[in-house]
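One letter stands for each residue in the lines below.
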Amino acid sequence: MAFSSNRSVRTRQMLGALRPRRPGVNYPAADPTTPTPLRPRSAIVAAAVYDDEGHRTAGFTRLADTFRALRSAPGGMAWIGLERPDEHELAALAREFDLHPLAVEDAIQAHQRPKIERYGETLFVVLHAARYLDSIEEVEFAELHVFIGPDFVVTVRHGDSPDLAAVRARLESTPQMLARGPEAVLYAIMDRIVDDYAPVVSGLDYDIDQIEGEVFSGDAHVSRRIYELSREVVDFQRAVRPLQSVCQSLAKGAEKYRVDDEMQAYLRDVADHLIEVAESVETFRAALRDILTVNATLVAQRQNEEMTHLTEVSIKQGDEVKRISGWAAILFAPTLVGAIYGMNFDSMPELHWAFGYPFALLLMLAVSVGLYAVFRWKKWM
C-alpha cells in the first residue's frame, strides 16, 4: 500500500460530460443570449498540501492552487476533502490524479457497499460511517469514498459523518504520522470510523435491554420496535462486515506494497476493534431473534389465557342462563295453573269444590317442586 513519491501529470478521458473536447470537431458556439446557470456551492471542504516531514505547508480553497502547490513540493502530499461533489467538481481531480472513470462514477452516485479496489497505483476505498442518534434512538449511516494515490488523498463524503476535520487536526498535531504518507491518512480515517461504531454499539445494547423489559411487561407495541431495531442491526452489519474484508485486503497487500511494520500494526489494531464490533453486532442479531421468539411465545400464552378466560366466562354465562331458565319454568307452572283457574267459565272441574283452593295451591307447589327436582338432576341449578 506504500506509494512512490514521484508523480507525473496525467490525463484520462472521462465518461460523458467529463470528456475533453476532441480536436478537429466543430462544436456549436454558445448562445450569448442564453443565461448561464448558477453553479452550486463548492464541494471543497478542505484542501491542503503537506511536505515530506508531515508539516502542513498551505491550505487552499481552489483545486488549481492545490495542484500547483503539490507540483512544486517534491515528496509532498495533498489531502483534498469534498462533500457531495458532482461530475464537474470531480473532473479536474480525475484528470490531475488519473482517477479511474468507474471509481469516479461510484463516487458521484454513491450508494455503494464498503469495498476496496485498485486501479493501477490508486486505491479506491468505500467506507460506511455510522452514528447513534440518541434523541430518536436510531442509527444514521453515511458513505465515504477515499482515493489513495502515491502523493494524494481525496475524500468524498456523502453525509455528516465521520468528522474528518477532527481526523485532519489529529494528524496535523502528529506530523510524524502524516510523514508516513497517504496510507497513514487512510488508517486514521478507518480508525475514526471504527471508533465511532462504539457509541452505536452502546446505543443498540441499551435499546435491546429496554426491549427485553418491554417484552416481559406486556407492551403491545414492542413487536414493532423489535422489528425496527432488527433492521437497524442488519444495516449496521452491512457496514461492518464488508469493512473486515477491506482490512484483510490491506493486510494481504502490505508486504507487496512495502507498508512499514508500524503502519501494519496500526491497521491490525483497527481490524481488532472491528472484530469486536462485528461480534457485538452478531450477538445483537441473535439476541433480537431470541427476544422475538420469546415475545411470540408470551403473546401466544397471553392469547391462550384470554381464550381460557373467555371460555370460562362463557361457561359461567351458560350456567346463569340455565338457572334463570329453570326458575322461569318453575315460576311459570303456578302462573299457568292460576291462569287456567282464573278463567271466567262456570263449567270447570272442581270449580265449586270446597277444597278447590287448597288443591290448586298444592298442585302449583307440586309442579314447582317437581320441576326443581328435574333441573337439579340435570345440574341446571
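These numbers were taken from a predicted model, which means no experiment stands behind them.

J.: Even after reading the chapter, I still don't get the pairing of strand β5 (residues 122-133), so can you show me in this structure?
T.: Successive side chains on a regular strand alternate, one facing one side of the sheet and the next facing the other. For β5, the buried fraction is high: ten of the twelve residues fall into the buried class. Pairing geometry for strand β4 (residues 115-119) and β5, over five bridges, is antiparallel. Bridge pairing in β5 links Y119 to T122. In textbook terms, the turn of a hairpin is the stretch between consecutive antiparallel strands, and for β4 and β5 this stretch comprises two residues, one of which, G120, has a positive phi near 65°. Taken together, β5 and the strand that follows it, strand β6 (residues 138-148), pair antiparallel across an intervening segment of four residues, in which E137 is found at a positive phi of about 55°.

J.: Looking at this model, I keep getting lost on helix α2 (residues 87-97). Mind explaining?
T.: Since there are 3.6 residues in each turn of an α-helix, residues three or four apart along the chain are aligned in direction. Regarding α2, the residues found buried are E89, L90, A91, L93, A94, E96 and F97. For α2, the secondary structure elements touched by its buried residues are α1 (63-71), β3 (77-83), α3 (101-109), β5 and β7 (152-158). One or two residues past the end of α2 sits D98, with phi positive at roughly 60°.

J.: I would appreciate a short explanation of the nonpolar core in the present structure.
T.: Proteins that are soluble and globular tend to have nonpolar side chains buried together. Core analysis: the biggest nonpolar cluster contains 58 residues, and L127, V146, I189, M190, Y197 and F236 have the highest contact counts within it. Among the elements that line this core, the one with the most residues is helix α6 (residues 182-217), at 16 residues. Once you skip the residues sitting within four places of it in the chain, M190 turns out to touch L127, L243, V246, C247, L250 and V270. One finds F67, A69, A78 and L82 within the second-largest nonpolar core, a separate group that totals 23 residues.

J.: Is there a simple way to explain a negative patch on the surface in this structure?
T.: The grouping of D195, D269, D272, E276 and E279 at the surface amounts to a negative patch. Counting residues per element, the negative patch draws most heavily on helix α8 (residues 261-341), at four residues.

J.: Help me out: how do you make sense of a nonpolar patch on the surface in this one?
T.: Taken together, the side chains of W353, F355, F359, L363 and V367 present a nonpolar region at the surface, about 450 Å² in accessible area. Within the element layout of this structure, F359 appears in helix α9 (residues 356-377). The class of F359 is partly exposed, set by a relative accessible area of 36%.

J.: Looking at this structure, I do not really get the UniProt feature "transmembrane region" (unreviewed entry) in the protein chain. What am I missing?
T.: In the numbering adopted here, UniProt assigns the feature "transmembrane region" (unreviewed entry) to residues 324-343 and 355-375. Structurally, residues 355-375 comprises 95% helix and 0% strand, and the distance from its first C-alpha atom to its last is 30 Å.

J.: What's the story with the packing of aromatic side chains in this structure? I'm lost.
T.: Under the defined criterion, the tally for this structure stands at five aromatic pairs. Where F67 meets F97, the ring centres are 5.5 Å apart and the plane angle is 90°; that geometry is what we call edge-to-face. One end of the pair, F67, is in helix α1; the other, F97, is in helix α2, with 30 residues separating them in the sequence. When its relative accessible area of 6% is taken as the criterion, F67 is described as buried.

J.: Mind showing me how you'd approach the packing of helix α4 (residues 164-172) against α6 here?
T.: Running from N to C, α4 and α6 cross one another at 130°; their axes reach a closest spacing of 10 Å. With respect to their mutual orientation, α4 and α6 come out oblique. The handedness of the crossing between α4 and α6 comes out as right-handed. Every residue of α6 that contacts α4 at L164, A166, V167, R170 and L171 is listed here: A184, V185, A188, I189, D191 and R192. Its residues placed into classes, the contact of α4 with α6 shows eight nonpolar, no polar and three charged.

J.: Honestly, unusual backbone geometry in this entry has me stumped. Any pointers?
T.: A cis geometry characterises the amide bond from S161 onward to P162, with omega recorded as 0°. Here the phi dihedral of R84 falls at roughly 45°; this positive angle occurs in a residue that is not glycine. By the element assignment, R84 lies in the loop between β3 and α2. What makes R84 partly exposed here is its relative accessible area of 45%. Although it is not a glycine, D98 sits at a positive phi angle of roughly 60°. Here D98 shows up in the loop between α2 and α3. The exposure class of D98 is partly exposed, given its relative accessible area of 21%.

Parameters and conventions
Residues numbered from 1 in each chain as written. Predicted model: local features only at pLDDT ≥ 70, side-chain atom pairs only at ≥ 80, totals over all residues. Heavy atoms only, no water. Buried < 20%, exposed > 50% of the residue type's maximum accessible area, 1.4 Å probe, protein only. Helix = DSSP H or I, 4+ residues; strand = E, 2+ residues; numbered from the N terminus. Pairing = 2+ DSSP bridges. Contact = heavy atoms within 4.5 Å. Core = buried A, V, L, I, M, F, W, Y, C linked by side-chain atoms within 4.5 Å. Patch = residues over 30% accessible without salt bridge, like charges linked within 9 Å, V, L, I, M, F, W, Y side chains within 5 Å. Areas by Shrake-Rupley, 256 points an atom, 1.4 Å probe, with all protein chains shown as cover. Salt bridge = Lys/Arg side-chain N within 4 Å of Asp/Glu carboxyl O. Lys, Arg positive; Asp, Glu negative; His and termini not counted. Charge placed at Lys NZ, Arg CZ, Asp CG, Glu CD. UniProt positions renumbered as here; feature names shortened; annotations may be inferred. Phe/Tyr/Trp six-rings, centres within 6.5 Å; stacked < 30°, edge-to-face > 60°. Axes fitted to C-alpha atoms, helices over the stretch in contact; angles between N-to-C directions. Parallel < 35°, antiparallel > 145°, perpendicular 65-115°, else oblique. Left-handed = near helix turned anticlockwise from the far one by under 90°. Nonpolar A, V, L, I, M, F, W, Y, C, P; charged D, E, K, R; others polar.

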